[in-house]
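# Notes for the structure review
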Amino acid sequence: MEVQHPSSFYSDILHRIRSVRRKENRLALLYGMLAAGMICLLILLAAVIVEEVFSFGIMGRTIVFAFAAAIMLGALSWYVARPVLRIAGVLKSAGSADLAGKVGKHFPQVRDRLLDAMQMYEQRDKLQSNYSVELIDASFTDLYRQIQPLDFSEAVNDFGVRK
């Protein structure tokens, strides 16, 4: 769990990063459903073609069915269940630092400043002996004012789903 800080700027940034995480997880689920659906359709088509070409008996049809069912179950588990478990919080999603880095790469004016500022702000009590807390807060506030109009969710690429 992430440490809660009283700063409204920091809380807003974390909220915006959580919205990026939600969008990523939703897109992963949508992509997974599409991919699993395509795999299931292809497996069903392949099973019908194999049955038509070889005209299996009961045992052959049972083996083809079991093979097709196992592949479809595997595809559903891999492509759909994992994103669902991430959305539910059972599996770990991308961390705030990773997402801050992704946002920084997407917006050239931000670069790695967002990640650096978040890390400095989170550790400001430990850094108090070497750095001025007021300077850390002022730097963080300045960065916040620069990134406030940006929509972080634009950093999530939905090209694969739209295609």
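Just so we're clear, the structure is a prediction, and the values are computed from it rather than from any experiment.

Conventions used here
Residues numbered from 1 in each chain as written. Predicted model: local features only at pLDDT ≥ 70, side-chain atom pairs only at ≥ 80, totals over all residues. Heavy atoms only, no water. Helix = DSSP H or I, 4+ residues; strand = E, 2+ residues; numbered from the N terminus. Rg over C-alpha atoms; globule rule 2.2 N^0.38 Å. Polar contact = N/O pair within 3.5 Å; in protein donor to acceptor, adjacent residues only side chain to side chain. Contact = heavy atoms within 4.5 Å. Salt bridge = Lys/Arg side-chain N within 4 Å of Asp/Glu carboxyl O. Buried < 20%, exposed > 50% of the residue type's maximum accessible area, 1.4 Å probe, protein only. Expected span 1.5 Å × (residues − 1). Arc of directions from axis to C-beta. pLDDT = per-residue confidence, 0-100. Axes fitted to C-alpha atoms, helices over the stretch in contact; angles between N-to-C directions. Left-handed = near helix turned anticlockwise from the far one by under 90°.

Next up on the list: the overall build of the chain. Looking only at helices and strands, the chain has six helices and zero strands in total. Listing every helix and strand of the chain by position from the N terminus yields α-α-α-α-α-α. The C-alpha atoms of the chain give 24 Å as radius of gyration, which overshoots the globular expectation for 163 residues (15 Å, by more than 25%). If one aligns the C-alpha atoms of the chain with their principal axes, the spans along those axes are about 80 × 30 × 20 Å.

On the secondary structure map, Ser 93 appears in the loop between α2 (58-88) and α3 (96-106). Polar side-chain contacts of Ser 93 include one of 3.1 Å to the side chain of Asn 25. Setting aside its immediate chain neighbours within four residues, Ser 93 contacts Arg 21, Asn 25 and Arg 86.

In this section: the pattern of salt bridges. For the coordinates displayed, the defined rule picks out three salt bridges. A salt bridge links Arg 16 to Asp 12; the nearest nitrogen and oxygen atoms lie 3.9 Å apart. A residue pair is termed a helical-turn pair when its members lie 3 or 4 positions apart in one helix, as Arg 16 and Asp 12 do in helix α1 (residues 8-54) at four residues. Taking the relative accessible area as the measure of exposure, Arg 16 reaches 11% and is therefore buried. What makes Asp 12 partly exposed here is its relative accessible area of 24%.

An ideal rise of 1.5 Å per residue puts 21 Å on 15 residues; helix α5 (residues 133-147) measures up with 21 Å between its terminal C-alpha atoms. For α5, the set of buried residues is Val 133, Ile 136, Phe 140, Thr 141, Leu 143, Tyr 144 and Ile 147. Mapping the buried residues of α5 onto a view down its axis gives an arc of 165 degrees, with all of them on the same face. Opposite the buried face of α5, by more than 90 degrees, sit the exposed residues Glu 134, Leu 135 and Arg 145. Its buried side turned inward, α5 meets α1 and α4 (113-122).

On to the confidence of the model for the chain, then. Of the residues in the chain, 94% have a pLDDT of 70 or more, and the chain-wide mean is 88. Here helix α6 (residues 159-162) stands out as the element of the chain with the lowest mean pLDDT, 65, in contrast to α2, whose mean of 96 is the highest. Segment residues 1-6 is flagged for pLDDT under 50; beyond a separation of four residues in sequence, or across chains, it makes nine contacts in the model.

Here we take up the packing of α4 against α5. Contact pair α4 / α5: the axes reach a minimum separation of 10 Å and the direction vectors enclose 145 degrees. Considering only the axes of α4 and α5, their crossing is left-handed. Residues Arg 113, Leu 114, Ala 117, Met 118, Met 120 and Tyr 121 of α4 touch α5, and the partners they reach there are Ile 136, Asp 137, Phe 140, Asp 142, Leu 143, Gln 146 and Ile 147.

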